[in-house]
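Structural characterization, general
Chain by chain, the residues run as shown.
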Amino acid sequence: MMKHAWDNYKRYAWGLNELKPISKQGHSSNLFGNIQGATIVDALDTLYIMEMKEEFKEAKEWVEKNLDFNVNAEISVFEVNIRFVGGLLSAYYLSGEEVFRKKAVELGEKLLPAFNTPTGIPWALLNIKSGIGRNWPWASGGSSILAEFGTLHLEFVHLSHLSGNPVFAEKVMNIRKVLNRLDKPEGLYPNYLNPSSGQWGQHHVSIGGLGDSFYEYLLKAWLMSDKTDEEGKKMYYDAVQAIETHLIRKSSGGLTYIAEWKGGLLEHKMGHLTCFAGGMFALGADGAPNDKTGHHIELGAEIARTCHESYDRTSMKLGPEAFRFDGGVEAIATRQNEKYYILRPEVIETYMYMWRLTHDPKYRQWGWEAVEALEKHCRVDGGYSGIRDVYNNHESHDDVQQSFFLSETLKYLYLLFSEDDLLPFEHWVFNTEAHPLPVLHKDNGNKEENQK
């Protein structure tokens with residue numbers, strides 16, 4: 001599958017951000033401004049892990065010669081961080097090739113002006129030539145978004161580690177400081193925070209889009225620190241407690257789901273993006289307070305089952321973008337604009353974590369169902385495409401092969417069917433784009449400190 005996706009990207013869209021597999025041409029998302037090569041950088045570590053050595057070599061050569069950050073355009077700080085910075089860091093840690101470290105630090109430096117706000121909460125959008133930032137015009141009252149400014153921590157800690165420059169880690173630690181000062185409604189973190197006033201915007205809370213990876217990075221920051229980041233640990237387990245109390249519900253048919261909270265009212269809808277949380281709960285089970293380990297594993301298993309149902313209840317056996325639990329429906333999309341599947345990884349990601357942490361064979365079985373559905377409905381002559389309506393019997397393709405299909409979906413599938421010693425959890429933590437970053441073991445840390 002990786003070879004089909006990569007070869008077609010190379011044939012029809014080489015050097016551009018993404019592939020349009022039906023039209024057989026390049027696709028450029030405005031998330032990356034004028035930075036090119038998103039698929040190449042996102043796929044580097046997958047190629048390496050799958051031992052696709054020739055392909056990795058040509059990708060590395062492209063990065064050396066053509067990856068250019070001196071572009072006069074606005075980029076998404078979050079997307080460029082998780083895909084480009086994350087991809088380069090992983091490629092460096094896996095291969096030891098200096099070019100990846102150099103490019104990661106160079107790009108990290110270009111992102112620093114995003115933090116030039118009164119509170120240090122970064123802008124969502126940044127012109128990397130002028131250093132001028134702003135927020136998404138649709139975000140509540142000029143707010144920054146929790147999942148965007150909360151999903152820089154792992155990469156920026158590594159940028160400081162690799163460059164010897166503490167500024168990267170300081171920027172993300174300051175975000176924590178701002179969050180800790182604020183009152184949390186019912187212990188929950190709203191999705192919107194104004195970077196000028198330092199106050200919450202609308203009180204919307206989600207473990208799906210706009211919130212999701214903030215929670216993931218609290219847990220992973222603690223794990224990546226070799227369990228020394230006590231602040232990250234406390235913030236994570238406190239947040240999970242509030243999520244359990246206020247957002248996690250069980251449908252009349254017995255499916256556990258995570259609802260969205262809007263100013264105290266629940267919307268009984270769960271996004272595909274939210275399905276990552278099954279894997280997160282399971283990954284965090286080991287460190288859970290007062291004998292809650294089994295409970296967190298169980299919670300992960302329940303979320304995995306619900307998300308599997310969202311796949312199983314469609315014609316194509318691929319899950320919709322969002323599914324509901326109201327008006328008599330369970331785990332089904334009721335709105336046309338929520339019936340699409342864009343090659344997303346979150347459900348497969350949760351299967352991979354659940355497999356590694358429980359070895360229950362059903363997770364491999366569910367993963368294989370997804371493989372068969374992808375092959376049947378998403379594979380086309382020119383690559384892999386998303387689907388507009390997973391409940392339809394006839395494919396209507398969206399004609400985009402997302403870079404995260406190569407970075408995440410195929411990597412998590414490969415890991416699901418590999419031995420546990422390939423990128424073992426005790427040594428590696430995955431960023432939210434599935435880029436593995438090494439745990440900074442205490443002894444390495446001390447050696448580094450002594451050298452500084």
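Residues numbered from 1 in each chain as written. Predicted model: local features only at pLDDT ≥ 70, side-chain atom pairs only at ≥ 80, totals over all residues. Heavy atoms only, no water.

Per an unreviewed UniProt entry, the chain carries the name alpha-1,2-Mannosidase and comes from Otus sunia. Regarding the chain, the UniProt comment filed under Function (unreviewed entry) reads as follows: "Involved in the maturation of Asn-linked oligosaccharides. Progressively trim alpha-1,2-linked mannose residues from Man(9)GlcNAc(2) to produce Man(5)GlcNAc(2)." Quoted straight from UniProt, the Sequence similarities (unreviewed entry) entry for the chain says "Belongs to the glycosyl hydrolase 47 family." (UniProt positions renumbered as here; feature names shortened; annotations may be inferred.)

**Concerning the overall build of the chain**
A count of helices and strands for the chain gives 16 helices and 18 strands. In terms of overall size, the chain behaves like a compact globule, its C-alpha atoms giving a radius of gyration of 21 Å where 452 residues would be expected to give roughly 22 Å. Taking the principal axes of the C-alpha coordinates as reference, the chain spans close to 60 × 50 × 45 Å. Going through the 452 residues of the chain one by one, you find that 62% of them count as buried. Of the contacts made within the chain by residues no fewer than 6 positions apart, 67% connect residues no fewer than 24 positions apart. For the chain, the exposed area adds up to about 16,900 Å²; of that, 48% sits on carbon and sulfur atoms. Distance between charge centroids for the chain: 3 Å, based on 47 positive and 62 negative side chains. (Helix = DSSP H or I, 4+ residues; strand = E, 2+ residues; numbered from the N terminus. Rg over C-alpha atoms; globule rule 2.2 N^0.38 Å. Buried < 20%, exposed > 50% of the residue type's maximum accessible area, 1.4 Å probe, protein only. Contact = heavy atoms within 4.5 Å. Areas by Shrake-Rupley, 256 points an atom, 1.4 Å probe, with all protein chains shown as cover. Lys, Arg positive; Asp, Glu negative; His and termini not counted. Charge placed at Lys NZ, Arg CZ, Asp CG, Glu CD.)

**Quick look at the sheet that holds strand E12 (residues 265–267)**
Read across the sheet, three strands follow the order E8-E11-E12 without closing on themselves; strand pairing throughout is antiparallel. Strands at the two margins of the open sheet, each flanked by one partner only, are strand E8 (204–205) and E12. Both strand E11 (residues 260–262) and E12 contribute to a ladder of three bridges, which runs antiparallel. Along E12, the bridge assignment pairs Trp261 with Leu266. (Pairing = 2+ DSSP bridges.)

**Brief notes about the packing of helix H1 (residues 2–13) against helix H2 (residues 38–49)**
H2 packs onto H1 with a crossing angle of 150 degrees between their chain directions and a minimal axis gap of 12 Å. Considering how the two elements wind past one another, H1 and H2 form a crossing that is left-handed. Mapping the contact onto sequence places Met2, Trp6 and Tyr9 in H1 and Thr39, Ile40, Ala43, Thr46 and Leu47 in H2. (Axes fitted to C-alpha atoms, helices over the stretch in contact; angles between N-to-C directions. Left-handed = near helix turned anticlockwise from the far one by under 90°.)

**Topic: the nonpolar core**
Among the nonpolar cores identified, the biggest contains 146 residues, and Val63, Tyr215 and Phe281 are the most heavily contacted of them. Sequence-distant contacts of Val63, that is, excluding residues within four places in its chain, are made with Ile40, Val41, Leu44, Leu88, Val99, Phe100 and Lys103. Among the nonpolar cores identified, the runner-up in size contains six residues, and Ala124, Ala139, Ile145 and Tyr192 belong to it. (Core = buried A, V, L, I, M, F, W, Y, C linked by side-chain atoms within 4.5 Å.)

**Notes on the state of the cysteines**
Inspection of the entire model under this criterion finds one disulfide. What pairs with Cys275 in a disulfide is Cys307, and their sulfur atoms sit 2.1 Å apart. As the torsion about the S-S bond is roughly -90 degrees, the Cys275-Cys307 disulfide counts as left-handed. Taken together, the residues Cys275 in the loop between strand E13 (269–271) and helix H11 (276–283) and Cys307 in helix H12 (residues 293–312) connect sequence positions 32 residues apart. Left unpaired, Cys378 is separated from the closest cysteine sulfur, that of Cys275, by 16 Å. (Disulfide = S-S within 2.5 Å.)

**What to know about the UniProt feature "active site" (unreviewed entry) in the chain**
If you check UniProt for "active site" (unreviewed entry), the listed places come out as Glu79, Asp212, Glu321 and Glu346 in our numbering. Topologically, Asp212 is positioned in helix H9 (residues 212–224). Filtering out sequence-adjacent residues up to four positions away, Asp212 remains in contact with Ala147, Ser206, Ile207, Leu273 and Phe276. Engagement of the side chain of Asp212 in a polar contact is seen with the side chain of Ser213, the distance being 3.5 Å. (Polar contact = N/O pair within 3.5 Å; in protein donor to acceptor, adjacent residues only side chain to side chain.)

**Some thoughts on the UniProt feature "binding site: Ca(2+)" (unreviewed entry) in the chain**
Following the UniProt record, the feature "binding site: Ca(2+)" (unreviewed entry) maps to Thr432 here. Looking at the secondary structure, you find Thr432 in the loop between strand E17 (428–430) and strand E18 (436–438).

**Remarks on the side chain of Glu321**
Inspection of the secondary structure puts Glu321 in the loop between H12 and strand E14 (322–324). With near-sequence residues (within four places) excluded, Glu321 lies in contact with Gly271, His272, Glu338, Tyr340 and Arg344.

**Remarks on helix H14 (residues 362–378)**
Over its 17 residues, H14 extends 23 Å from the first C-alpha to the last, a length consistent with the 24 Å expected when each residue adds 1.5 Å. Three or more residues of H14 are buried, namely Tyr363, Trp366, Gly367, Ala370, Val371, Ala373, Leu374, His377 and Cys378. Of the surrounding elements, those touching the buried residues of H14 are H12, helix H13 (346–358), strand E15 (379–380), strand E16 (383–384) and helix H15 (403–416). (Expected span 1.5 Å × (residues − 1).)

**Regarding the pattern of salt bridges**
A side chain with one charge can pair with a side chain of the opposite charge if their charged atoms come near. Applying the stated criterion across every chain yields a total of 29 salt bridges. The salt bridge partner of Arg324 is Glu338, with a shortest N-O separation of 2.9 Å. Highlighted residues: Arg324 in strand E14 and Glu338 in the loop between E14 and H13, separated in sequence by 14 residues. In terms of burial, Arg324 and Glu338 fall into one category: buried. A salt bridge links Lys362 to Asp360; its shortest N-O distance comes to 3.9 Å. One network of salt bridges, with partners in common, ties together Lys262, Glu267, Lys269, Arg324 and Glu338. (Salt bridge = Lys/Arg side-chain N within 4 Å of Asp/Glu carboxyl O.)

**A short note on the side chain of His272**
The topology assignment puts His272 in the loop between E13 and H11. Overall, the relative accessible area of 1% leaves His272 in the buried class. At 2.9 Å, the side chain of His272 and the side chain of Glu346 are in polar contact. Ignoring anything within four residues of it in the chain, the contact list for His272 reads Tyr311, Gly319, Pro320, Glu321, Ala322, Tyr341, Arg344, Pro345, Glu346 and Val347.

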